[in-house]
Amino acid sequence: MNPIFLSALASLMRKAKCPKCKRDQLLSHKIRKGGFPCKFCGHIILPHKKS
């Protein structure tokens, strides 16, 4: 893919690290609001709570 397109996509998406398998994955804003399964191991990742 085009490197300019990939850098623009990476700036719009956020990364999350699975606590179980320690692998990074890109997330959209909708997915980050609720819990979501890790695409590598299936572990449910919950959003961070604001204090």
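Cut-offs applied
- Residues numbered from 1 in each chain as written.
- Predicted model: local features only at pLDDT ≥ 70, side-chain atom pairs only at ≥ 80, totals over all residues.
- Heavy atoms only, no water.
- Helix = DSSP H or I, 4+ residues; strand = E, 2+ residues; numbered from the N terminus.
- Buried < 20%, exposed > 50% of the residue type's maximum accessible area, 1.4 Å probe, protein only.
- Contact = heavy atoms within 4.5 Å.
- Areas by Shrake-Rupley, 256 points an atom, 1.4 Å probe, with all protein chains shown as cover.
- Patch = residues over 30% accessible without salt bridge, like charges linked within 9 Å, V, L, I, M, F, W, Y side chains within 5 Å.
- Salt bridge = Lys/Arg side-chain N within 4 Å of Asp/Glu carboxyl O.
- Pairing = 2+ DSSP bridges.
- Polar contact = N/O pair within 3.5 Å; in protein donor to acceptor, adjacent residues only side chain to side chain.

### Remarks on the overall build of the chain
- Within the chain one finds two helices and four strands.
- Counting helices and strands in the order they occur from the N terminus, the chain gives α-β-β-α-β-β.
- When burial is assessed residue by residue, the chain has 14% of its 51 residues classed as buried.
- Considering only contacts within the chain whose residues lie at least 6 apart along the sequence, 8% involve residues at least 24 apart.
- Summed over all atoms, the accessible surface of the chain reaches about 4,500 Å², with 61% contributed by carbon and sulfur.

### Considerations on a nonpolar patch on the surface
- Where nonpolar side chains cluster on the molecular surface, the patch consists of F5, L6 and L9 and spans about 250 Å² of accessible area.
- Structurally, L6 is set in helix 1 (residues 3-12).
- Since its relative accessible area comes to 39%, L6 is described here as partly exposed.

### Some remarks on the pairing of strand 2 (residues 24-27)
- Alternating positions in strand 2 separate cleanly, Q25 and L27 being buried on one face and D24 and L26 remaining unburied on the opposite face.
- Sheet topology places strand 1 (residues 14-17) next to strand 2; four bridges connect them, and they run antiparallel. Bridge pairing in strand 2 links K15 to L26.

### Structural notes on the side chain of Q25
- The topology assignment puts Q25 in strand 2.
- Within the local environment of Q25, its side chain forms a polar contact with the backbone nitrogen of K39, the two atoms lying 3.2 Å apart.
- Setting aside residues up to four positions removed in sequence, Q25 forms contacts with R14, K15, A16, F36, P37, C38, K39, F40 and I45.

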